[in-house]
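Overview (structure and organization)
So you can see what is in the structure, the chains are spelled out below.
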Amino acid sequence: QPLSQLSAVMRMIDGANGLFLFVSGLFGVWGALTNLKADDVLQSLGLSIYVTGFGAMLMQFELRLNERVLLRDYAFLYTFLGRFCFLLLIGNLAWTCDPLGLAAAIITNSNVLFHLYVMTTHPAFVSGRVGRFELTGSAAVTGSVLVPRDPASVVSSSDFKRDELL
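The rules behind each value
Residues numbered from 1 in each chain as written. Predicted model: local features only at pLDDT ≥ 70, side-chain atom pairs only at ≥ 80, totals over all residues. Heavy atoms only, no water. Helix = DSSP H or I, 4+ residues; strand = E, 2+ residues; numbered from the N terminus. Buried < 20%, exposed > 50% of the residue type's maximum accessible area, 1.4 Å probe, protein only. Contact = heavy atoms within 4.5 Å. Areas by Shrake-Rupley, 256 points an atom, 1.4 Å probe, with all protein chains shown as cover. Salt bridge = Lys/Arg side-chain N within 4 Å of Asp/Glu carboxyl O. Axes fitted to C-alpha atoms, helices over the stretch in contact; angles between N-to-C directions. Parallel < 35°, antiparallel > 145°, perpendicular 65-115°, else oblique. Left-handed = near helix turned anticlockwise from the far one by under 90°. Nonpolar A, V, L, I, M, F, W, Y, C, P; charged D, E, K, R; others polar.

Looking only at helices and strands, the protein chain has six helices and two strands in total. Secondary structure elements of the protein chain, listed N to C terminal, follow the sequence α-α-α-α-α-α-β-β. Counting across all 166 residues of the protein chain, residues that qualify as buried make up 41%. Of the contacts made within the protein chain by residues no fewer than 6 positions apart, 59% connect residues no fewer than 24 positions apart. Within the structure as shown, the protein chain displays about 9000 Å² of accessible surface, and the carbon and sulfur contribution to it stands at 66%.

Turning our eyes to something else, we now look at the pattern of salt bridges. Pairs may arise between side chains of opposite charge once their charged atoms sit close together. Evaluation of the coordinates by the stated rule reveals three salt bridges. Between Glu62 and Arg11 there is a salt bridge, with its nearest N and O atoms 3.9 Å apart. Of the two residues, Glu62 is situated in helix H2 (residues 41–63) and Arg11 in helix H1 (residues 3–34); the sequence distance between them amounts to 51 residues. What makes Glu62 buried here is its relative accessible area of 5%. The partner of Arg64 in a salt bridge is Glu62, and the shortest N-O contact between them spans 3.6 Å.

Moving on to the environment of Leu81. By the element assignment, Leu81 lies in helix H4 (residues 80–93). For the pair Leu81 and His115, spaced 34 residues apart in sequence, the C-alpha to C-alpha distance is 8.5 Å.

All right, on to the side chain of His115 then. Counting through the fold element by element, His115 comes out in helix H5 (residues 101–121). Assessed through its relative accessible area of 1%, His115 is described here as buried. Excluding residues within four positions of it along the chain, His115 makes contact with Met10, Asp14, Arg83, Phe84 and Leu87.

In this section: the packing of H1 against H4. Helix packing geometry: the angle between the two helix axes and the distance between the axes. Relative orientation of the contacting elements H1 and H4 amounts to 25°, with a least axis distance of 13 Å. The angle between H1 and H4 falls in the class roughly parallel. Of the two possible hands of crossing, H1 and H4 adopt the one that is left-handed. Together, Leu3, Ser7, Met10, Asp14, Asn17 and Leu21 of H1 and Phe80, Arg83, Leu87 and Ile90 of H4 make up the contact between the two elements. Class assignment of the residues belonging to the contact of H1 with H4 gives a composition of six nonpolar, two polar and two charged.

What is shown is where atoms sit, not what they do.
Structure, rendered in structure tokens:
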């Protein structure tokens, strides 16, 4: 299967995963606030807020709401390895979000395993044609200029320089 088609499927899965993490985090916040007798309320509340925020970040990235901001703030998500590590982090934080945390963690870690499988078995990665650190999606960095891969991309190389990302 071509990597572009596989990336589109992974994007849909990641978007749905982000939504589930967001909802799970909200339920975790609610659970922490209503369970004020537990000793670990602040820990549960803090981690649930992180999961909610990370789920929102993942949704924003997959919906490509503002390409310029995404490239500046979430450039690591444009790489397969960066997205893999981010999902691994969120998946292991999601365990703390009661009552949906277990399901969110299992789903997210399954998604992580799928990303790992693609990176280790897809011919584009195995042959070295695509690097795990290579930018994917609508843009790639070459030299000091951000060059769009997708002609329909909202970012053009003439109005967006790599230095603006930093």
